[in-house]
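# Structure assessment
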Amino acid sequence: MPVAIARPGPWTHRDLTAGGTRFHAALAGPEDSASLILLLHPFPECWWAWRHVLPRLAEAGHRAAALDLRGFGGSDRPPSGHDLHTLAEDAVRVVAALGYERCAVVGAGLGGQVAWVMAGMRPDLVAGIVPVAAPHPVAVRSLRGRAFFSGTAVQQLTLRIPVLPERALTSHQGMERLLRSWVGRGRAERVLEASDYYADLLARPGAVRGPIETVKRSRLRRAEMSALAAPIAVPVLSIQGENDPVQPAQAHARDSHHVSGFMRKTVLHGVGHYPAEEAPDELIEVVLPFLAEVAPAA
């Protein structure tokens, strides 16, 4: 049976066309809010990763948009454009399609890497970023260049094995195994309740190829390096899960080398790679004060 993208909740669903590509987003909060918070999900999930966060942002008066990146969830699945620069360009166009000239970006995992690139590309549009479980992309790769064998490096090697990643991501058992291995001890229940949904989305014809491409690349392209060459000038709140097996603490420590403006770092204790699902209350308590500073709702 077809997978229902538009799951019900205290939000509305909307399809947006930006740059010739159709994107799905879940929207919550007052439509006339001065503050747009763009939520970008981690791999291999979709907008549903923010189901616990969307209502809390809305209650605080923000207009929140949980976007499906290209190739994920209910967005189009073009055969190319899965690099960070293109994903960031997509997000910039979606902000305009929503009628806003400025936003704050909260991105987790893959979405956090996109947030870093957006801040480098368009500091005029990005009021601040909250990368969650997402060190600066250059910081991660600088460690890998020193033979640091991170969870991400292992993942990329595994994704080069033909057929294996498709099977792992499109079966209920495989998805559950992957998600369980990336969460903090005792934190799996909230993440795993969505694992069948994520697997079913990727099991649709042609749906798994794009997501795999987003994590398959080990090098940044020229356009990505150009966007990330200068230190980030917009405010940054970097959030790290204490027990994140995917992104190393050493990479987070190097974030400050790539930021010239205000930066704050927070570690969520006992949390793994998916704070928005593992510990949404702890996450929102950290995020809301920052958003009130950089993107006030009124």
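To start, this report covers the structure provided alongside it. (Residues numbered from 1 in each chain as written. Predicted model: local features only at pLDDT ≥ 70, side-chain atom pairs only at ≥ 80, totals over all residues. Heavy atoms only, no water.)

### Quick word on the overall build of the protein chain
Definition in use: The helix count covers DSSP runs of H or I at least four residues long, the strand count covers runs of E at least two residues long, and both are numbered beginning at the N terminus. Put simply, the radius of gyration uses C-alpha atoms, and a globule should come to 2.2 Å times the residue count raised to 0.38. Residue contacts follow a heavy-atom distance rule, with two residues in contact if any of their heavy atoms lie within 4.5 Å. Here the accessible surface of atoms and residues is derived via Shrake-Rupley with a 1.4 Å probe, and residues count as covered only by protein chains that are part of the display. Here Asp and Glu are counted as negative and Lys and Arg as positive; His is not counted, and neither are the chain ends. For the purpose of locating charges, the reference atoms are NZ of Lys, CZ of Arg, CG of Asp and CD of Glu.
A tally of regular secondary structure across the protein chain gives 14 helices and eight strands. For the protein chain, whose C-alpha radius of gyration is 17 Å, the value lies close to the compact-globule estimate of 19 Å for 298 residues. Nonlocal contacts in the protein chain, meaning residues at least 24 apart in sequence, comprise 78% of its contacts between residues at least 6 apart. Split by element, the accessible area of the protein chain, about 12000 Å² in all, is 52% carbon and sulfur. Seen as two clouds, the 31 positive and the 29 negative side-chain charges of the protein chain have centres 8 Å apart.

### Describing the environment of Glu31
Quick note on the threshold: Only protein chains enter the calculation, and the probe is 1.4 Å; a residue is then buried if its accessible area is under 20% of its type maximum, exposed if over 50%, and partly exposed in between.
As for its position among the elements, Glu31 is in the loop between β2 (21-28) and β3 (36-40). A relative accessible area of 67% places Glu31 in the exposed class. Beyond its immediate chain neighbours, meaning those up to four positions away, Glu31 contacts Arg63 and Tyr100.

### A few points about the packing of helix α2 (residues 84-97) against helix α3 (residues 110-121)
Two measures define how a pair of helices packs: the angle their axes make with one another and the distance between the axes. Going by this rule: Axis lines are fitted to C-alpha atoms, over the contacting stretch for helices. Their N-to-C directions set the angle, which ranges from 0 to 180 degrees. Should an angle fall under 35 degrees it is called roughly parallel, over 145 degrees roughly antiparallel, and 65 to 115 degrees roughly perpendicular, with every other angle called oblique. Side-chain classes follow a simple rule in which Ala, Val, Leu, Ile, Met, Phe, Trp, Tyr, Cys and Pro form the nonpolar group, Asp, Glu, Lys and Arg form the charged group, and the remainder, Gly included, forms the polar group.
Between α2 and α3, whose axes approach to 8 Å, the crossing angle comes to 75°. When the axis of α2 is compared with that of α3, the two are roughly perpendicular. Here Leu84, His85, Leu87, Ala88, Glu89, Ala91 and Val92 of α2 lie close against α3, whose contacting residues are Leu110, Gln113, Val114, Val117, Met118 and Met121. Partitioning the contact of α2 with α3 into residue classes produces 10 nonpolar, two polar and one charged.

### Remarks on the sheet that holds strand β5 (residues 103-108)
Rule in force here: Strand pairing is assigned whenever DSSP identifies at least 2 bridges connecting the two strands.
Here we have eight strands laid out as an open sheet, ordered β1-β2-β4-β3-β5-β6-β7-β8, and mixed in their pairing. Bordering the open sheet on either side are β1 (12-18) and β8 (263-268), each of which pairs with just one other strand. Recorded for the sheet is a direction-independent mean angle of 20° between the axes of neighbouring strands. With five bridges connecting them, β3 and strand β4 (residues 63-67) associate as parallel partners. The residue bridging Leu40 from the neighbouring strand is Leu67, located in β4.

### Things to note about unusual backbone geometry
The peptide bond linking Phe43 to Pro44 adopts the cis configuration, its omega dihedral lying at 0°. Positionally, Pro44 belongs in the loop between β3 and α1 (54-59). One non-glycine residue, Ala133, adopts positive backbone phi at about 55°. With a relative accessible area of 0%, Ala133 lands in the buried category.

### Describing the packing of aromatic side chains
Two measures describe an aromatic ring pair: the distance that separates the ring centres and the angle between the ring planes. Worth spelling out the cut-off: Ring geometry is summarised as follows: Phe, Tyr and Trp rings, the Trp one being its six-membered ring, pair when their centres sit within 6.5 Å, and such pairs are stacked at plane angles under 30 degrees, edge-to-face over 60 and tilted between the two. Two thresholds decide whether a charge sits over a ring: the Lys NZ or Arg CZ must be within 6 Å of the ring centre and within 35 degrees of the ring normal.
Throughout the structure, instances matching the rule amount to seven aromatic pairs. With 5.2 Å between their ring centres and 80° between their planes, Trp47 and Trp48 make a pair best called edge-to-face. Residues Trp47 and Trp48 agree in their burial class; the two are buried. Centre to centre, the rings of Tyr197 and Tyr198 are 6.1 Å apart; their planes meet at 40°, and the pair counts as tilted. Cluster of aromatic residues (ring-pair linked, three or more members): Trp11, Trp47, Trp48, Tyr197 and Tyr198. Geometry around Trp48 places Arg7 over its ring, the cationic atom sitting 4.9 Å from the centre. Sitting above the plane of the Tyr197 ring, Arg7 keeps its charged end 3.8 Å from the centroid.

### Some details on the pattern of salt bridges
Two side chains that carry opposite charge are able to pair once their charged atoms sit near each other. The test is simple: Within this document, salt bridges are pairs made up of a side-chain nitrogen of Lys or Arg and a carboxyl oxygen of Asp or Glu, the two lying within 4 Å of each other.
The full count for this structure, using the stated rule, is 11 salt bridges. Residue Glu277 pairs with Arg51 through a salt bridge whose shortest N-O separation is 2.8 Å. In this pair, Glu277 sits in helix α13 (residues 275-278) while Arg51 sits in the loop between β3 and α1, placing the two residues 226 residues apart along the sequence. Note on accessibility: Glu277 and Arg51 belong to one class, buried. Residues participating in the shared-partner salt-bridge network are Asp15, Arg22 and Asp76.

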